Amino acid sequence: MPKRVDHEERRAEIAEALVRVAGRRGLHAVGMRDVAAEAGVSLRLVQYYFQTKEKLLLYGLERLAAGLGARVTARLRAAGDTPGPRAVIEALLMESLPTDEKSRTFHLVYTSYAVLAMTDDALAAQPFIDNPNAAEDAVAGLLEQARDAGLTGPEVDVRTEAISLLAMSAGLGTSILVGQRDPGSAAGVLRHHLDRLFAAPAGTGHP
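What this report covers is the structure whose coordinates are included nearby.

What counts and what doesn't
Residues numbered from 1 in each chain as written. Predicted model: local features only at pLDDT ≥ 70, side-chain atom pairs only at ≥ 80, totals over all residues. Heavy atoms only, no water. Helix = DSSP H or I, 4+ residues; strand = E, 2+ residues; numbered from the N terminus. Contact = heavy atoms within 4.5 Å. Core = buried A, V, L, I, M, F, W, Y, C linked by side-chain atoms within 4.5 Å. Buried < 20%, exposed > 50% of the residue type's maximum accessible area, 1.4 Å probe, protein only. Phe/Tyr/Trp six-rings, centres within 6.5 Å; stacked < 30°, edge-to-face > 60°. Expected span 1.5 Å × (residues − 1). Arc of directions from axis to C-beta. Polar contact = N/O pair within 3.5 Å; in protein donor to acceptor, adjacent residues only side chain to side chain. Axes fitted to C-alpha atoms, helices over the stretch in contact; angles between N-to-C directions. Parallel < 35°, antiparallel > 145°, perpendicular 65-115°, else oblique. Nonpolar A, V, L, I, M, F, W, Y, C, P; charged D, E, K, R; others polar. Salt bridge = Lys/Arg side-chain N within 4 Å of Asp/Glu carboxyl O.

### Focus on the overall build of the protein chain
Then, number 1: Tallying secondary structure elements over the protein chain gives 10 helices and 0 strands in all.
Then, number 2: N-terminal to C-terminal, the α/β element order of the protein chain is α-α-α-α-α-α-α-α-α-α.
Then, number 3: Put simply, of all contacts in the protein chain between residues at least 6 apart along the chain, 63% involve residues at least 24 apart.

Right, here's the structure in full:
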């Protein structure tokens, strides 16, 4: 009896091959033939599942984001059953730093998507990500929870701080990639700013 093909699994394998090649060579230099070779399948099969390079690129972006989400979740599990707002924010920011092969690939390829979406008409016609403010909204919401619980000062502007933290994480990630600083010092900068944010106001009784 012929083996049943799991089409979603096959699509995921092809998309992950795209991410691997893009991490080594840059997204702009990757073609469907390169992805087929990396995945160990025929070009015809890649074309069957994705029809165009743009469709493959967009699906690859979805897989890239899903991989980041899974790694953040793993960090949170390690933090305990009920991680507080700071732990969740720190997990998101730290996992975005290129400190190992997977996070380095994420940073390189995600940045490549942003650049390519500005110059490729077909890709630019599609949404780069479904909700471009999702991470910002999530961090702002967590900071609001912390402020309401007295874990930060009452004057904290949660939206501005969320924007600042995410921009800082992205910039620090690039500085690691180009060799300006090492992952440990970059993580130290992020923790310094989180310490500043989460310093309990005097007289609140919070640690």
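### Focus on the environment of Leu43
Then, number 1: With respect to the helices, strands and loops of the structure, Leu43 is situated in helix 3 (residues 43–50).
Then, number 2: When the C-alpha positions of Leu43 and Arg33 are compared, they lie 5.6 Å apart, and in sequence the two are 10 residues distant.
Then, number 3: Setting aside residues no more than four positions away along its own chain, Leu43 makes contact with Met32, Arg33 and Ala36.

### Let's talk about the side chain of His107
Then, number 1: Looking at the secondary structure, you find His107 in helix 6 (residues 101–119).
Then, number 2: Those residues within four positions of His107 in sequence are excluded, and the remaining contacts are Ser96, Pro98, Ala170, Gly173, Thr174 and Leu177.

### Thoughts on the nonpolar core
Then, number 1: If you look at the biggest cluster of nonpolar residues, it comprises 55 residues, and the most contacted ones within it are Leu18, Leu56, Ile89, Leu97, Tyr113, Leu143 and Leu165.
Then, number 2: The element best represented in this core is helix 4 (residues 53–79), accounting for 9 residues.
Then, number 3: If we ignore the near neighbours within four places in the chain, the residues touching Leu143 are Ile89, Val158, Glu161, Ala162, Leu165, Leu197 and Phe198.

### Concerning the packing of aromatic side chains
Then, number 1: Taken as a whole and judged by the stated rule, the model has 3 aromatic pairs.
Then, number 2: Ring plane angle 45° and centroid distance 5.5 Å describe the contact between Phe50 and Tyr59, whose orientation is recorded as tilted.
Then, number 3: Look at Phe50 and you get buried, because its relative accessible area is 1%.

### Some thoughts on helix 10 (residues 183–197)
Then, number 1: A rise of 1.5 Å per residue sets the reference length of helix 10, with its 15 residues, at 21 Å; its end C-alpha atoms lie 21 Å apart and thus fit the reference within 8%.
Then, number 2: Within helix 10, the full set of buried residues consists of Ala186, Ala187, Leu190, Leu194 and Leu197. For helix 10, the angular spread of the buried residues around the axis is 95°, confining them to a single face. Summarising the geometry of helix 10, the exposed residues directed more than 90 degrees from the buried face are Gly184 and His192.
Then, number 3: Lining the buried residues of helix 10 we find helix 5 (85–96), helix 8 (134–148) and helix 9 (158–177).
Then, number 4: For helix 10, the N-terminal capping position is held by Asp182, with its side-chain oxygen 3.0 Å away from the main-chain nitrogen of Gly184.

### Regarding helix 6
Then, number 1: Helix length check: helix 6 (19 residues) gives 27 Å between terminal C-alpha atoms against 27 Å at 1.5 Å per residue, within 8%.
Then, number 2: Sitting at the amino-terminal end of helix 6 is Asp100, which places a side-chain oxygen 3.3 Å from the backbone nitrogen of Lys102.

### Focus on the packing of helix 1 (residues 7–25) against helix 4
Then, number 1: Viewed as axis vectors pointing N to C, helix 1 and helix 4 meet at an angle of 90°, and their least axial separation amounts to 9 Å. Regarding the angle of helix 1 to helix 4, the classification is roughly perpendicular. Facing helix 1, whose interface residues are Glu8, Arg11, Ala12, Ile14, Ala15, Glu16, Leu18 and Val19, helix 4 presents Leu56, Leu57, Tyr59, Gly60, Arg63 and Leu64.
Then, number 2: For the contact of helix 1 with helix 4, the class distribution of residues is 9 nonpolar, 1 polar and 4 charged.

### Examining the pattern of salt bridges
Then, number 1: By the definition in use, this model includes 14 salt bridges.
Then, number 2: With its nearest N and O atoms 3.3 Å apart, the salt bridge here joins Asp34 to Arg25.
Then, number 3: Look at Arg25 and you get partly exposed, because its relative accessible area is 44%.
Then, number 4: Arg191 is paired through a salt bridge with Glu90; the nearest N and O atoms lie 2.8 Å apart. With Arg191 in helix 10 and Glu90 in helix 5, the pair connects residues that are 101 residues apart, well separated along the chain.
Then, number 5: Overlapping salt bridges, with partners in common, bring together Arg86, Glu90, Arg191 and Asp195 in one network.

### Things to note about unusual backbone geometry
Then, number 1: Unlike most non-glycine residues, Gln51 shows phi in positive territory, near 60°.
Then, number 2: Position of Gln51 relative to the elements: it lies in the loop between helix 3 and helix 4.

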